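# Coordinates in review
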Amino acid sequence: MTKLSVNINKVATIRNARGGNNPDVLKVAVDCELFGAQGITVHPRPDERHIRYMDVRSIKPLVKTELNIEGNPIDKYIELVLEVCPTQVTLVPDTDDQLTSNHGWDTVANRAFLTDVIGRFKEAGIRTSIFVDPSCKMVEGAKECGTDRIELYTEPYAAGYPRNREEAIKPFVEAAKVAKELGLGLNAGHDLSLENLTYFHRNIPWLDEVSIGHALICDALYMGLGNTIQAYLACLKD
Ligand SMILES: CC(=O)[C@@H](O)[C@H](O)COP(=O)(O)O
Ligand SMILES: NCC(=O)COP(=O)(O)O
């Protein structure tokens, strides 16, 4: 079964535009679960322009499914994750001024650092995932770091899908096969949508989780949050 984790960063972005508490990010997290989401993802960035560190602290006791905290493991992020103790932590190599995540880790060059950080989170009982490009070498490198899972960075798949989906999926299937052979859990995310999700899942049915934010929140403007979550869940049916 592939779980749907809803990334609520975009909800926080709208709230932050006016400085008040509308929409209420905490209520949205709870409602996503009521509507069928099997996880909540948050991605706090150092400038807190999306979800804030304080939001993450407040969300933890409310989430009844799985809380996934994504981000670059700088010191204050590591402290936050160890304090909140989510179900899963996903390490993403973002720079501070990045518009959004746009690449995975070089798991070979950063092996010592990643091994150390992964070890600290696992010692605290937190499942770990490393965000990687669809490269067999990077998946093997992630395994060497001791992580439980990887998350495939799916933007290139989403970008290539309208032109040639057979070509776009190829490196992802290869990387996913390597992950499976190595016994790594498998997540995927970035720019997945109602257009491209079914095909991705059909070709990699052993996916453990997808985390989806941007397209899902955009769809919810037209379809409503409940209908939208149900539509995404339907793409993940076995
Ligand atoms: C790692 C990843 O791909 C997502 O967390 C993505 O970066 C969403 O973040 P924003 O919606 O805040 O851009
Ligand atoms: N890990 C990917 C994620 O959480 C959401 O990415 P997107 O759907 O907002 O591009």
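Residues numbered from 1 in each chain as written. Chains lettered and ligands numbered in written order. Predicted model: local features only at pLDDT ≥ 70, side-chain atom pairs only at ≥ 80, totals over all residues.

Identification of the protein chain as Pyridoxine 5'-phosphate synthase from Xylanibacter caecicola is taken from an unreviewed UniProt entry. According to UniProt, the comment filed for the protein chain under the heading Catalytic activity (unreviewed entry) is "3-amino-2-oxopropyl phosphate + 1-deoxy-D-xylulose 5-phosphate = pyridoxine 5'-phosphate + phosphate + 2 H2O + H(+)". Taken verbatim from the UniProt record of the protein chain, the Function (unreviewed entry) comment is "Catalyzes the complicated ring closure reaction between the two acyclic compounds 1-deoxy-D-xylulose-5-phosphate (DXP) and 3-amino-2-oxopropyl phosphate (1-amino-acetone-3-phosphate or AAP) to form pyridoxine 5'-phosphate (PNP) and inorganic phosphate." (UniProt positions renumbered as here; feature names shortened; annotations may be inferred.)

Right, let's get into the environment of Lys-27. As for its position among the elements, Lys-27 is in helix α2 (residues 25–34). The exposed category is assigned to Lys-27, around which 12 C-beta atoms lie within 10 Å. (Helix = DSSP H or I, 4+ residues; strand = E, 2+ residues; numbered from the N terminus. Buried ≥ 20, exposed ≤ 12 C-beta atoms within 10 Å, placed from the backbone.)

Once that is clear, we can look at the site of ligand 2. Contacts to ligand 2 come from 13 residues, most closely from Asn-7, Gly-189, Ser-211, Gly-213 and His-214. Every element with two or more residues in the shell around ligand 2 is listed here: β8 (209–212) and α10 (214–223). Split by residue class, the shell around ligand 2 holds three nonpolar, seven polar and three charged. (Near = placed C-beta within 6 Å. Nonpolar A, V, L, I, M, F, W, Y, C, P; charged D, E, K, R; others polar.)

Right, let's get into the sheet that holds strand β4 (residues 88–91). Pairing is parallel around the closed barrel formed by eight strands, whose spatial order is β1-β2-β3-β4-β5-β6-β7-β8. Each strand of the sheet is rotated relative to its neighbour by a mean of 25 degrees, with strand direction disregarded. Here three bridges tie strand β2 (residues 39–42) to strand β3 (residues 67–71), and the two strands are oriented parallel to one another. Across the sheet, Thr-41 pairs through a bridge with Asn-68, a residue of β3. (Pairing = 2+ DSSP bridges. Axes fitted to C-alpha atoms, helices over the stretch in contact; angles between N-to-C directions.)

Let us now look at the site of ligand 1. Taken together, 14 residues surround ligand 1, and among them Asn-9, His-43, Thr-100, Ser-101 and His-190 come closest. Class assignment of the residues belonging to the shell around ligand 1 gives a composition of two nonpolar, ten polar and two charged.

In this section: the UniProt feature "binding site: 3-amino-2-oxopropyl phosphate" (unreviewed entry) in the protein chain. Look at the UniProt record and you will see "binding site: 3-amino-2-oxopropyl phosphate" (unreviewed entry) annotated at Asn-7, Arg-18, Asp-191, Gly-213 and His-214. With the annotated positions falling across 208 residues, the maximum pairwise C-alpha distance of 25.8 Å shows that they are not confined to a single cluster. Examined against the element boundaries, Arg-18 turns out to sit in the loop between α1 (9–16) and α2. For Arg-18, a count of 8 C-beta atoms within 10 Å gives the class exposed. With respect to the secondary-structure elements, Gly-213 resides in the loop between β8 and α10. The buried category is assigned to Gly-213, around which 25 C-beta atoms lie within 10 Å. Here Gly-213 is in contact with Val-6, Asn-7, Ile-8, Asn-9, Lys-10 and Thr-41, once residues within four sequence places are set aside. (Contact = placed C-beta atoms within 7 Å.)

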